[in-house]
Amino acid sequence: MINKYTLIEVIFLILLFTQMTINDTEAQGLEDIKLPDGFKIEIYASDIQNARSMVLSPDGILFVGTRKVGNVYAVLDKDKDNKAEHIIKIAQGLNMPNGVDFRKGSLYVAEVNRVLRYDN
């Protein structure tokens with residue numbers, strides 16, 4: 001069983017190395033990534049361009065900010081199989097939303113010029 005923090009780190013590696021633009025049939029290069037024994041890398045989600053930062057909510061929703069694209073997404077794994085089934089755009093047209101955090105039930109998004117709070 002992977003603990004919460006290791007899972008977040010693995011998701012980050014997946015997003016970083018795949019750049020969230022390839023799909024399962026185009027997973028070129030993943031086999032070239034060297035991982036410690038007992039670890040594996042797979043694509044968790046695709047079709048999120050320019051993923052920059054992410055946070056995992058207590059409910060298991062992965063929130064992803066995109067620096068250049070200006071969007072924030074909620075990535076859902078409803079059946080808990082470690083593959084995202086739904087990607088929902090929850091904000092768009094933001095000024096480089098390159099920081100996301102989750103605290104006390106609210107999502108915080110840091111833009112270049114302000115911090116936004118999304119409740120519920």
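Not measured: the values here are computed from a predicted model.

Engineer: Give a detailed account of the nonpolar core, specifying residues and quantitative values.
Structural biologist: Inside soluble globular proteins, nonpolar side chains tend to come together where they are buried. V55, F63, V72, A74, A91, L94, V100, L107, V109 and L116 together form the largest nonpolar core, which totals 10 residues. Breaking this core down by element, the ones donating at least two residues are β3 (72-76) and β6 (106-110). What L116 contacts, discounting residues up to four positions off in sequence, is L94, L107, Y108, V109 and E111. Of all hydrophobic cores here, the second largest spans 9 residues; its members include Y44, A45, I48 and Y73.

Engineer: Give a detailed account of the packing of aromatic side chains, specifying residues and quantitative values.
Structural biologist: As enumerated under the stated definition, the model contains 1 aromatic pair in all. Seen from their ring centres, F63 and F102 are 5.8 Å apart, and the 10° between their planes marks the pair as stacked. Taken together, the positions of F63 in strand β2 (residues 62-66) and F102 in strand β5 (residues 99-103) put the pair 39 residues apart, joining distant regions of the chain. The class for F63 is buried, based on a relative accessible area of 9%. Judged by its relative accessible area of 23%, F102 is partly exposed.

Engineer: Which residues make up the pairing of β6, and what are the values?
Structural biologist: The sheet contact formed by β5 and β6 spans 5 bridges and is antiparallel. Its bridge partner lying in β6, R103 is registered against S106. As consecutive antiparallel partners, β5 and β6 are separated by 2 residues, and within that stretch K104 has a phi angle of approximately 50°, a positive value. Pairing between β6 and strand β7 (residues 115-119): 5 bridges, direction antiparallel. Residue S106 lies in a different strand from β7, and its bridge partner there is D119. Linkage of β6 to β7, two consecutive antiparallel strands, is achieved through a turn of 4 residues.

Engineer: Hey, could you go over the pattern of salt bridges for me, with residue numbers and the actual values?
Structural biologist: Evaluated as defined, the whole model comprises 3 salt bridges. Its salt-bridge partner being R114, residue E111 comes within 2.4 Å of it at the nearest N-O pair. A residue is classified by how much of its surface remains accessible, and E111, at 8% relative accessible area, is buried. Between R117 and D119 there is a salt bridge; the shortest N-O distance is 3.0 Å. In this structure D119 comes out as partly exposed when scored by relative accessible area, which is 41%.

Engineer: Just give me the short version of the sheet that holds β2, but keep the residues and values in it.
Structural biologist: The 4 strands lie next to each other as β1-β2-β3-β4, forming an open sheet whose pairing is antiparallel. Whereas interior strands pair on both sides, the edge strands pair on one side only; in this sheet they are β1 (51-56) and β4 (86-91). Shown here is a sheet whose adjacent strand axes are inclined to one another by a mean of 25°, direction ignored. Relative to β2, β1 runs antiparallel, the two sharing 5 bridges. Bridge pairing links V55 to F63 in β2.

Thresholds, definitions, all that
What you see as residue numbers is a count from 1 along each chain, following the sequence as written. Local features in this predicted model are restricted to residues whose pLDDT is 70 or higher, and side-chain atom pairs enter the listing and the counts only when it is 80 or higher, whereas totals over whole chains, interfaces and linings include all residues. Only hydrogens and water are set aside when side-chain values are computed; all heavy atoms of the structure are taken into account. What we call a nonpolar core is a set of buried Ala, Val, Leu, Ile, Met, Phe, Trp, Tyr and Cys residues that are connected through their side-chain atoms within 4.5 Å. Think of it in three bands: with a 1.4 Å probe and only protein chains considered, a residue is buried below 20% of the maximum accessible area for its type, exposed above 50%, and partly exposed in between. Each helix is a run of DSSP H or I of at least 4 residues and each strand a run of E of at least 2, with the numbering of both proceeding from the N terminus. Working rule for contacts: check all heavy atoms of both residues, and any pair within 4.5 Å makes them a contact. The aromatic pairing rule takes the rings of Phe, Tyr and Trp, using the six-membered ring of Trp, and pairs them if the centres are within 6.5 Å, calling planes under 30 degrees apart stacked, those over 60 edge-to-face and the rest tilted. Two strands pair under a simple rule: DSSP has to find at least two bridges between them. Salt bridge, as used here: a side-chain nitrogen of Lys or Arg that lies within 4 Å of a carboxyl oxygen of Asp or Glu. Lines fitted to the C-alpha atoms define the axes, with helices restricted to the stretch that makes contact. Angles between their N-to-C directions range from 0 to 180 degrees.

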